[in-house]
Amino acid sequence: MMYSNTAVQSDLCAAQSQTTLLSKLEALQCHFTWALDPSKTDFLRLRDTLVDIGTEEGTRWLGHIYNLRGFIQYKLGLTEDAQSFFNKAAEAFRQMRKADDGPWLAVNYGNLAWLHHHLGDQAESEAYLSKVEALMKKYPSPSQDELHAEIYAEKAWTLMKFSADIELVSDYFQKAIRMQPDMVEWNTSHIMALSGFYEDCDTGMEADILEKMRVAKEQDPENLLLAVYYLERRAKKGERVEDEARELAEKVLRNPVSSYNGMKAMLRVYRNYVSEDEAVDLAEKALEQHPDVRYLKRCAALTLKWKIVHSSRRRKSIDRAISLHEDVISLYPDCSFATKIDLASIYAKSNHTKADQMYQELLKSDLGPADKQQLYNKYAKYLNNKSLKYHMKAAAIPHQSYFRGNSIEVLRKVKNTRWNPMGKEIQEFLENLQEP
């Protein structure tokens, strides 16, 4: 078949145009270019986390939440939902910033440019590319080597949700804060990211983080999650915080329900530094006020699990915990693995047949490396004297975690025990263990 020169030139022009469009898309700063590619399970968990934050008008990260939810929906194959969330993000930014446009829309427009490109609507994709270019001309970054503060802040907040390199997250937050020091929520999120990552650190760094948290709390006095984190940090240092915790808990109860309101962290403070019984009472009180909120049901289930696993074997508490966990599993159908593990550990205190059944079902399920490692470690502890095989399975997965470290520690202790016939096998296993 013969092609005319005009047809060939037309094809070449189309190919060049497509290449130019793609290069422009790849140069954008948005979720589609930030290498956010975890497993489907991780996306589903993050989606549930974002849903539990809520959509209260006062949520200062609402635009960022909708942007990320849109990207997750796209990655899950739900393109119509993705576009809806991207549109909600744009509207949330306009309401929060009280302006029709601004640099805070650059990431959102970039996401929409990519989405329309993937949907095959190149004209709409190019239209959003033009909007990004117009924004960058109207609101230029301080220098060619730097992004706009709004982009640094959203990138830092987003990467934080994916447990990214804390130094990179911190660097982006610091750059954003240096350019716009009046954005209190950026500083608060930066400090909480540092606090969460450096839970156990040397004395010098601990003092530095505590001071940063104190200053951030003064600048952001309405942020109860930050207040609870600060209280917990002080308690870890040995301060008596019982009365302050009870006072702060009352404020948390009055706050709008959200995973950002500090309830889960408050329950942890109660459990560790007040009392487990009072932690259970606080969780039940919150749930009584908002019986249909799944996040509070999850908090109540977790709090009862802590008490049962560590101290209580009362039938009433166990029955209540089982009921709550079953509810939570049904309310989080896409990411109920951790709750099922917790439920198995509760059954282990009262019904070994049921615990065996749950563990066997979990062992047959399709899990990612991190979940599989946790399951092997927990099942090994459940089996007790017959556990070495599963501790070895947990350790063999090259994923750095508490569960891997715990299984390796158990194996090392057994290796040094003379009576154990597997001592030599375990020694060889540990010597040849692949590091993450």
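Scroll up a little and you will see the structure.
Only a predicted model underlies this, so the values are computations on that prediction, with no experimental measurement involved.

Draft legend 1. Looking closely at the overall build of the chain. The helix and strand tally for the chain stands at 22 helices and zero strands. Counting only C-alpha atoms and orienting by the principal axes, one finds that the chain spans roughly 85 × 60 × 45 Å. Looking at the chain as a whole, 47% of its 436 residues are labelled buried. Relative to all contacts within the chain whose residues are 6 or more apart in sequence, the contacts with residues 24 or more apart total 61%. Summed over all atoms, the accessible surface of the chain reaches about 22800 Å², with 48% contributed by carbon and sulfur.

Draft legend 2. Region of interest: the packing of aromatic side chains. Counted by the stated rule, this structure contains 16 aromatic pairs. A centroid spacing of 5.9 Å and a plane angle of 50° characterise the contact between Tyr376 and Tyr390, whose relative ring orientation is tilted. On the criterion of sequence distance, the pair formed by Tyr376 in helix 19 (residues 369–383) and Tyr390 in helix 20 (residues 388–396) is long-range, its members being 14 residues apart. Taken individually, Tyr376 and Tyr390 each receive the classification buried, so the pair is uniform in this respect. Three or more aromatic residues link up through ring pairs in this structure, and these residues are Phe32, Phe43, Phe71, Tyr74, Phe86, Trp114 and Phe162. Across from the ring centre of Trp306, 4.8 Å away, lies the NZ or CZ of Arg271, which sits over that ring.

Draft legend 3. Quick peek at the environment of Leu25. Along the chain, Leu25 turns up in helix 1 (residues 5–26). In the structure, Leu25 is positioned 10 residues away from Ala35 in sequence and 14 Å away in space, judged by C-alpha atoms.

Draft legend 4. Representation of the side chain of Ser345 within the structure. Mapped onto the elements, Ser345 comes out in helix 17 (residues 337–347). Residue class for Ser345 comes out buried when judged on its relative accessible area of 19%. Excluding its chain neighbours within four sequence positions, the residues that come into contact with Ser345 are Lys305, Val309 and Tyr359.

Draft legend 5. Here's a closer look at the state of the cysteines. Here the structure, examined in full by the defined rule, presents zero disulfides. With no disulfide of its own, Cys299 lies closest to Cys335 among cysteine sulfurs, the gap being 14 Å. Judged by relative accessible area, which is 9%, Cys335 ranks as buried.

Draft legend 6. The arrangement of the packing of helix 19 against helix 21 (residues 402–415) in detail. The N-to-C vectors of helix 19 and helix 21 enclose an angle of 40°; their axes lie 8 Å apart at closest approach. In terms of their interaxial angle, helix 19 and helix 21 are classed as oblique. Helix-helix and strand crossings are classified by hand; for helix 19 and helix 21 the assignment is left-handed. The segment helix 19 lies against helix 21, with Gln373, Gln374, Asn377, Lys378 and Lys381 engaging Tyr402, Phe403, Arg404, Asn406 and Ser407. Here the residues of the contact of helix 19 with helix 21 sort into two nonpolar, five polar and three charged.

Draft legend 7. Representation of the nonpolar core within the structure. The biggest cluster of nonpolar side chains holds 72 residues, and the ones touching the most others in it are Met263, Met266, Tyr270 and Leu282. The leading source of residues in this core is helix 15 (residues 294–310), at nine residues. Excluding anything up to four places from it in sequence, Met266 contacts Val228, Leu231, Ala245, Leu248, Ala249, Val252 and Leu282. Formed by 49 residues, the second largest nonpolar core is a distinct cluster that contains Ile151, Leu159, Tyr172 and Ala176.

Draft legend 8. A look at helix 17. Most of helix 17 is tucked away, with nine of its 11 residues classed as buried. All of the buried residues along helix 17 are Phe337, Thr339, Ile341, Asp342, Leu343, Ala344, Ser345, Ile346 and Tyr347. Those residues of helix 17 that are buried are in contact with helix 2 (40–53), helix 15, helix 16 (315–331), helix 18 (352–364) and helix 19.

Draft legend 9. Seen up close, helix 16. In a regular helix each residue adds 1.5 Å, so 17 residues correspond to 24 Å; helix 16 covers 24 Å between its end C-alpha atoms and thus fits that length. When we look at burial in helix 16, the residues that qualify are Ser317, Ile318, Ala321, Ile322, Leu324, His325, Val328 and Ile329.

Draft legend 10. Spatial organisation of the pattern of salt bridges. By the definition in use, this model includes 28 salt bridges. In this structure, Glu206 and Arg233 form a salt bridge, with 2.9 Å as the shortest nitrogen-oxygen distance. In this pair, Glu206 sits in helix 10 (residues 203–219) while Arg233 sits in helix 11 (residues 224–236), placing the two residues 27 residues apart along the sequence. Assessed through its relative accessible area of 3%, Arg233 is described here as buried. Between Arg268 and Glu232 there is a salt bridge, and its shortest N-O distance comes to 2.7 Å. Of the two residues, Arg268 sits in helix 13 (residues 263–274) while Glu232 sits in helix 11, which places them 36 residues apart along the sequence. Under the relative-accessibility criterion, Glu232 is labelled buried at 8%. Connected through salt bridges with shared partners, the residues Asp42, Arg45 and Asp371 form a single ionic network.

Draft legend 11. Up close: the packing of helix 2 against helix 15. Put simply, helix 2 and helix 15 touch, their axes get as near as 9 Å, and they point 110° apart. Classified by the angle between their axes, helix 2 and helix 15 sit roughly perpendicular to one another. Across the interface between the two elements, Asp48, Val51 and Asp52 of helix 2 pack against Arg294, Tyr295 and Arg298 of helix 15.

Draft legend 12. Just the environment of Asp342, in detail. Mapped onto the elements of the fold, Asp342 is located in helix 17. If sequence neighbours within four positions are ignored, Asp342 has contacts with Leu302, Lys305 and His325.

Draft legend 13. Up close: unusual backbone geometry. A positive phi is found at Ala35, a non-glycine position, where the angle reads about 55°. Examined against the element boundaries, Ala35 turns out to sit in the loop between helix 1 and helix 2. Phi angles above zero are rare outside glycine, and Lys98 is one such case at about 55°. Mapped onto the fold, Lys98 is located in the loop between helix 4 (79–97) and helix 5 (106–118). Residue Lys98 is classed as exposed on the basis of its relative accessible area of 73%.

Reading guide: rules and limits
Residues numbered from 1 in each chain as written. Predicted model: local features only at pLDDT ≥ 70, side-chain atom pairs only at ≥ 80, totals over all residues. Heavy atoms only, no water. Helix = DSSP H or I, 4+ residues; strand = E, 2+ residues; numbered from the N terminus. Buried < 20%, exposed > 50% of the residue type's maximum accessible area, 1.4 Å probe, protein only. Contact = heavy atoms within 4.5 Å. Areas by Shrake-Rupley, 256 points an atom, 1.4 Å probe, with all protein chains shown as cover. Phe/Tyr/Trp six-rings, centres within 6.5 Å; stacked < 30°, edge-to-face > 60°. Lys NZ or Arg CZ within 6 Å of the ring centre and 35° of its normal. Disulfide = S-S within 2.5 Å. Axes fitted to C-alpha atoms, helices over the stretch in contact; angles between N-to-C directions. Parallel < 35°, antiparallel > 145°, perpendicular 65-115°, else oblique. Left-handed = near helix turned anticlockwise from the far one by under 90°. Nonpolar A, V, L, I, M, F, W, Y, C, P; charged D, E, K, R; others polar. Core = buried A, V, L, I, M, F, W, Y, C linked by side-chain atoms within 4.5 Å. Expected span 1.5 Å × (residues − 1). Salt bridge = Lys/Arg side-chain N within 4 Å of Asp/Glu carboxyl O.

Read these as geometric descriptors, not functional statements.
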